[in-house]
Amino acid sequence: MQELAIIEAPSVLGLRPTGVQELPAALLDAGLLDRPGAVRAGRVEPPAYTPGRDPDTGVLNSAGIAEYSVRLADAVAGVLDTGRFPVVLGGDCSILLGALLALKRRGRHGLLFLDGHSDFYQPEAEPVGEAASMDLALATGRGPRPLADLEDRGPLVRDEDVVAFGFRDATEAAVFGMQPLPPSLYAIDFDGVRATGAATAAREAVDRLTGVPGPGYWIHLDVDVLDDAVMPAVDYRLPGGLSWAELEQVLHTALADERATGIDVTIFNPRLDPDGSIAARLAQCLNRGLSARTPVQG
């Protein structure tokens with residue numbers, strides 16, 4: 001068993017302040033990690049939001065995201081130093097950079113990227129400059145240097161150490177001219193997950209990640225990987241997606257492996273869930289997945 005440590009990371013610097021910043025409070029109020037062995041490890045507040053693109057990078061809040069990533073990395077590192085398992089509650093997907101920076105300081109590691117979008121935009125193709133659509137590209141060293149080379153450490157994760165899982169945005173990406181995922185980055189899109197089954201696809205992903213040299217792998221969860229029919233409380237909706245049961249299978253498989261190092265949860269917008277029912281179901285799903293990490297003792 002391993003204690004879970006909750007870090008609140010309510011940054012919307014990579015998106016818009018439409019409500020995603022309220023994710024930590026909503027999920028904690030809904031009972032996420034309300035169990036023995038879970039501790040609060042602090043809250044990392046973001047700097048002020050700037051609505052215009054940075055003229056040098058073409059990205060919204062690029063300086064703020066770079067600064068925030070370092071502070072979030074320090075918080076994640078502090079949890080890892082205690083031997084606990086960090087659970088980072090965003091916020092938008094740009095918080096992934098801080099989590100991966102904490103691991104990059106320790107060496108090579110892998111990334112399981114669970115997202116309905118592949119998030120591989122370059123600034124010139126992203127319609128409004130949101131880093132939340134670029135986080136996987138930035139993490140693999142593609143994009144403006146202030147964000148793609150944090151602390152002069154180069155790519156936070158290597159292409160061959162990533163599994164992108166469950167994305168279904170190929171049509172949209174082609175319309176906007178997003179750069180393609182490189183062949184060296186292993187990808188299992190939504191159709192691929194459905195073709196083999198979620199449990200089999202998750203096992204395949206974890207098998208690849210456990211072959212990566214280094215201390216382990218991080219799990220990134222953007223909740224829009226879920227079917228839009230059950231997860232409409234996101235800002236950029238796409239038809240289709242994983243069922244609750246499928247996501248629970250994937251999380252349980254990924255979290256049960258001892259080399260899983262931490263997880264972040266992003267993009268759920270409580271303002272689009274006025275009765276709190278989606279937050280309650282999401283908290284239940286996450287708790288079931290995380291039970292693989294810290295089994296409840298009877």
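Structure report, in brief. (Residues numbered from 1 in each chain as written. Predicted model: local features only at pLDDT ≥ 70, side-chain atom pairs only at ≥ 80, totals over all residues. Heavy atoms only, no water.)

### Topic: the overall build of the protein
When you go through the protein residue by residue, the secondary structure sums to 10 helices and 8 strands. A compact globule built from 298 residues should have a C-alpha radius of gyration of about 19 Å, and the protein, at 17 Å, falls within 12% of that. When its C-alpha atoms are laid out on the principal axes, the protein stretches across 55 × 45 × 40 Å. A total of 298 residues make up the protein; the buried ones form 58% of that total. For the protein, contacts bridging at least 24 residues in sequence account for 79% of all contacts bridging at least 6. Across the protein, 25 positive and 42 negative side-chain charges occur, with their mean positions spaced 5 Å apart. (Helix = DSSP H or I, 4+ residues; strand = E, 2+ residues; numbered from the N terminus. Rg over C-alpha atoms; globule rule 2.2 N^0.38 Å. Buried < 20%, exposed > 50% of the residue type's maximum accessible area, 1.4 Å probe, protein only. Contact = heavy atoms within 4.5 Å. Lys, Arg positive; Asp, Glu negative; His and termini not counted. Charge placed at Lys NZ, Arg CZ, Asp CG, Glu CD.)

### Remarks on helix α3 (residues 96–104)
The buried count for α3 comes to 8 of 9 residues, which makes it a mostly enclosed element. Where the residues of α3 are buried, they touch α2 (62–81), β4 (110–114), α4 (135–139), α5 (145–148), β7 (217–222) and β8 (260–266).

### Description of the side chain of D222
Inspection of the secondary structure puts D222 in strand β7. Buried and without a salt bridge, D222 has R168 as its closest oppositely charged side chain, separated by 8.2 Å. Side-chain polar atoms of D222 contact the backbone nitrogen of D224, separated by 2.9 Å. Apart from residues no more than four positions distant in its own chain, D222 is found in contact with C93, L114, D115, T266 and I267. (Salt bridge = Lys/Arg side-chain N within 4 Å of Asp/Glu carboxyl O. Polar contact = N/O pair within 3.5 Å; in protein donor to acceptor, adjacent residues only side chain to side chain.)

### Focus on the sheet that holds β8
Spatially, 8 strands are ordered β2-β1-β3-β8-β7-β4-β5-β6 in an open sheet, and the strand pairing comes out parallel. Every interior strand has two partners, whereas the edge strands, β2 (38–43) and β6 (186–188), have only one. Ignoring strand direction, the axes of neighbouring strands in this sheet form an average angle of 15°. Strand direction decides the pairing type here: β4 and strand β5 (residues 162–165), joined by 4 bridges, are parallel. Counted as the bridge partner of F113 is A164 from β5. Against the sheet, α2 makes contact with β1 (4–8), β2, β3 (85–89), β7 and β8, and its axis sits at roughly 150° relative to β3, the strand it touches most. Where helix α9 (residues 244–256) meets the sheet, its contacts fall on β3, β4, β5, β7 and β8, and the angle it forms with β7 comes to roughly 165°. (Pairing = 2+ DSSP bridges. Axes fitted to C-alpha atoms, helices over the stretch in contact; angles between N-to-C directions.)

### Re the packing of helix α8 (residues 198–209) against α9
A pair of packed helices is characterised by two quantities: the angle between their axes and the separation of those axes. Relative orientation of the contacting elements α8 and α9 amounts to 25°, with a least axis distance of 9 Å. Considered as vectors, α8 and α9 are oriented roughly parallel to each other. α9 is crossed by α8, and the crossing has right-handed handedness. The segment α8 lies against α9, with A198, A199, A202, R203 and V206 engaging E246, Q249, V250, T253 and A254. Grouping the amino acids of the contact of α8 with α9 by side-chain chemistry returns 6 nonpolar, 2 polar and 2 charged. (Parallel < 35°, antiparallel > 145°, perpendicular 65-115°, else oblique. Left-handed = near helix turned anticlockwise from the far one by under 90°. Nonpolar A, V, L, I, M, F, W, Y, C, P; charged D, E, K, R; others polar.)

### Describing the pattern of salt bridges
Using the criterion set out here, one finds 20 salt bridges in the structure. A salt bridge links D161 to R108; its shortest N-O distance comes to 2.7 Å. One end of the pair, D161, is in the loop between α5 and β5; the other, R108, is in the loop between α3 and β4, and 53 residues separate them in sequence. For D161, a relative accessible area of 2% puts it in the buried group. Note that R194 is salt-bridged to E246, the shortest N-O span being 2.8 Å. You can see R194 sitting in helix α7 (residues 190–196) and its partner E246 sitting in helix α9, a full 52 residues away along the chain. Among the residues examined, R194 registers a relative accessible area of 42% and is labelled partly exposed. On the accessibility criterion, E246 (13% relative accessible area) is buried. Beyond isolated ion pairs, a larger network of salt bridges with shared partners links E8, R40, R43 and E45.

### Brief notes about the nonpolar core
M231 and F268 are the most contacted members of the largest nonpolar core, which has 58 residues in total. The dominant element in this core, judged by the number of residues it contributes, is helix α10 (residues 277–290), at 7 residues. Not counting residues within four places of it along the chain, the set of residues in contact with F268 comprises V20, L23, A26, L27, V223, M231, A233, D273, I278, A279 and L282. Counting residues in hydrophobic clusters, the runner-up holds 46 residues, among them L147, L156, A173 and W218. (Core = buried A, V, L, I, M, F, W, Y, C linked by side-chain atoms within 4.5 Å.)

### With respect to the packing of α2 against α3
Interhelical geometry of α2 versus α3 gives an angle of 55° and a closest axis separation of 7 Å. Considering the angle they form, α2 stands oblique to α3. Our pair here, α2 against α3, has a crossing hand that is right-handed. Residues I65, S69, V70, L72, A73, V76, A77 and L80 of α2 pack against L97, G98, A99, L101, A102 and L103 of α3. Taken together, the residues that form the contact of α2 with α3 break down as 12 nonpolar, 2 polar and no charged.

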